[in-house]
Protein chains: 2
Amino acid sequence: MDLRQMEYFVALAEENQFTRAAEITRVSQSGLSAAIKSLEDDLKAKLFIRTTRRVELTAAGHALFPHARNLLAEANAGRDAVAATTAEFAGALRVGAEQCLGSVNVPEIVERFHRRHREVEITFTQAGSGDLLKRMRGGDIDLAFVAGTSETTDPQLRLTGLDHVTLATEPLVLLTPPEDPLASQKSVAWNDLQDRTFIDLDSTWAIRVVTDEIFAKRRIPRRVAFTVGDIHALVDMINRGLGVAIVPQSVSRKTIAADLQTLSLEQRDPVWTVSAAYAHSERASHLTTEFLGLLEPR
Amino acid sequence: MDLRQMEYFVALAEENQFTRAAEITRVSQSGLSAAIKSLEDDLKAKLFIRTTRRVELTAAGHALFPHARNLLAEANAGRDAVAATTAEFAGALRVGAEQCLGSVNVPEIVERFHRRHREVEITFTQAGSGDLLKRMRGGDIDLAFVAGTSETTDPQLRLTGLDHVTLATEPLVLLTPPEDPLASQKSVAWNDLQDRTFIDLDSTWAIRVVTDEIFAKRRIPRRVAFTVGDIHALVDMINRGLGVAIVPQSVSRKTIAADLQTLSLEQRDPVWTVSAAYAHSERASHLTTEFLGLLEPR
DNA sequence: CAAGTTTACGATTTTCGTAACCATC
DNA sequence: GATGGTTACGAAAATCGTAAACTTG
């Protein structure tokens, strides 16, 4: 039983699939399989029931899960506590983030950064990517987590002239109510969506801008009947059967979307891309570097 | 950063010495040294200040310590939670333990056993070894953690006829107040103790029986002026300068004894030995096996 | 039969212990 | 100079990834 096994265990419990969990934890599928097996041998208990279709926690696995989470959280807290005694940072850091960042959990990093550097005055703003980038160009934000797609042409979403790094990419998917006529299919073509009623965020958010662009570019009319301000409200309205929505794949994996149907989109071209953009100001650059350092590694 | 490193780290932080911590964690001294070094490299912070005389936590080490403890506790809790779902134990287990068991922490195991097997009615009795063994022979206890020395002849403390396993051995030492005339020495001969005033437990406890035996066998008179019922009271009275005491080495390492002087005894022959004795009754044997399994391994 | 998991196996990396070396009281 | 920590290095073990075999819906 070690921390690496706990990471694998948590990822597998959350993804319910070896292949996806292996991608997230960045090992080969066989490596993940072997690690889980060795954990099960160690604990002398089966943790997952496997079929080729689904992987599910056993009672023993359910019992272990919260402890595994605590273990990982405690390990991070330990790292942070040590870093807090060594690191000598001061000043202020202004962070901004989009909604729908999927696999990139910015609030968690804000918390960890704050634990490490209590002297740094950190501020956090959730806003649309266009808005964030404008503020960054105006010098009002030091670090922005924004999203877009590979084919975005909207000038407000371009990262030209800014230092930035790509953090994650994932496909866009269609989210429908379970009783939707399309729900029996596994995938759908853009063209087949023109008669549907859509739910979407308002146009301050990147997912709306990007989706509008995609339909416009393909000259497909789209009817957005319901406009909401946050992604949970969006999923809630799909649950109520009011329409469908285009979202990044990670949204479809949230528990609130468990009952919904996820359809992949033919031509996977426009890929949802999450990036961090940062001003290379003298004042904040070492802080942004430290912040970004808390993201993936370890 | 892994759980093995945390074990090593905690052991070293508690022992303040590589050699002793390595014995406790059962690795070579060099292995421990390398593991701590790799942990420090990983966290990019020195955790200990080393001199050849003493090893002390740095600020970073102090920051990590509680998290390391939590990590180990959480790992055990995880193991227990899993075991609780698999194991099928029921019935009752009656455990007894001496005071002064040193490295063997019975209450902790009682707790873990209880977490694993809530259906088992566990009872715990703290009492002297002689008493416990009598009760065991009478069938009133299933498992007893007792102590004695290699040269014990007292029939009440003999384990003959009982299944038992040796759990730990350690030397006996002399504990004196810091201002004691002997305090400058590193060791002392039994013969030089005949004029001293002793503090000791009452004769229901093994440490008293054993010490009396040692002095009697060597025909050295001993004056026990203060008789107490528990080991903390004993150490407290030494702290007050009222006398000296023979105790197992592990007692001298407790924090309450931090200000006291520890002298090793010439001729290390009588070695303090902690054993677990158990009836091999049909009813309880699998429970005692499970209980003992929680001791050292993993 | 197709998507997904386990098994087999060789290569790489890590870990561990012995023994020699080095530092401090 | 004795106690105790680190370094060097070879042996052993664990980890990981590719590819083939297997399982299930």
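Worth saying up front: this structure is predicted, and the values here are computed from it rather than measured.

(A) Focus on the environment of Glu-88 of chain A. Residues and elements named next belong to chain A. By the element assignment, Glu-88 lies in the loop between helix 4 (59–86) and strand 3 (91–97). Judged by relative accessible area, which is 71%, Glu-88 ranks as exposed. Taking the C-alpha atoms as reference, Glu-88 lies 9.8 Å from Val-120; in sequence the two are 32 residues apart.

(B) A look at the protein's contact with DNA strand C. Around DNA strand C there are 19 residues in total, and Thr-19, Gln-29, Arg-50 and Thr-52 of chain A together with Ser-30 of chain B lie nearest to it. In DNA strand C, atoms within 4 Å of the protein come 60% from sugar and phosphate. Measuring from a phosphate oxygen of DNA strand C, one finds a side-chain N or O atom of Gln-29 of chain A at 3.0 Å. Broken down by secondary-structure element, the contributors of at least two residues to the surface near DNA strand C are helix 2 (18–25) and helix 3 (29–43) of chain A. When its residues are assigned to classes, the surface near DNA strand C shows 3 nonpolar, 11 polar and 5 charged.

(C) How the structure looks around the domain arrangement of chain A. Parsing chain A into structural domains produces domain 1 (3–83), domain 2 (87–169 + 274–292) and domain 3 (172–270). Averaged C-alpha coordinates put domain 1 of chain A and domain 3 of chain A at centres separated by 31 Å.

(D) Looking closely at the relation of the copies chain A and chain B. The two copies are related by a screw motion: chain A maps onto chain B through a turn of 179 degrees and a shift of 0.1 Å along the axis, at an RMSD of 0.1 Å. The relationship between the two copies is best expressed as a two-fold rotation axis. Here 96% of the interface residues in chain A have copies in chain B that are interface residues too; the copies meet face to matching face.

(E) Representation of the packing of helix 2 of chain A against helix 3 of chain A in the model. Residue and element names in this part refer to chain A. Relative to each other, helix 2 and helix 3 sit at 100 degrees, their axes nearing to 8 Å. One finds that helix 2 runs roughly perpendicular with respect to helix 3. For the pair helix 2 and helix 3, the contacting residues are Phe-18, Thr-19, Ala-21, Ala-22 and Thr-25 in the first and Gln-29, Leu-32, Ser-33 and Ile-36 in the second. Its residues placed into classes, the contact of helix 2 with helix 3 shows 5 nonpolar, 4 polar and no charged.

Thresholds applied
- Residues numbered from 1 in each chain as written.
- Chains lettered and ligands numbered in written order.
- Predicted model: local features only at pLDDT ≥ 70, side-chain atom pairs only at ≥ 80, totals over all residues.
- Heavy atoms only, no water.
- Helix = DSSP H or I, 4+ residues; strand = E, 2+ residues; numbered from the N terminus.
- Buried < 20%, exposed > 50% of the residue type's maximum accessible area, 1.4 Å probe, protein only.
- Near = heavy atom within 4 Å.
- Polar contact = N/O pair within 3.5 Å; in protein donor to acceptor, adjacent residues only side chain to side chain.
- Nonpolar A, V, L, I, M, F, W, Y, C, P; charged D, E, K, R; others polar.
- Domains from an automatic or database assignment.
- Least-squares fit on C-alpha atoms with pLDDT ≥ 70 in both.
- Contact = heavy atoms within 4.5 Å.
- Axes fitted to C-alpha atoms, helices over the stretch in contact; angles between N-to-C directions.
- Parallel < 35°, antiparallel > 145°, perpendicular 65-115°, else oblique.

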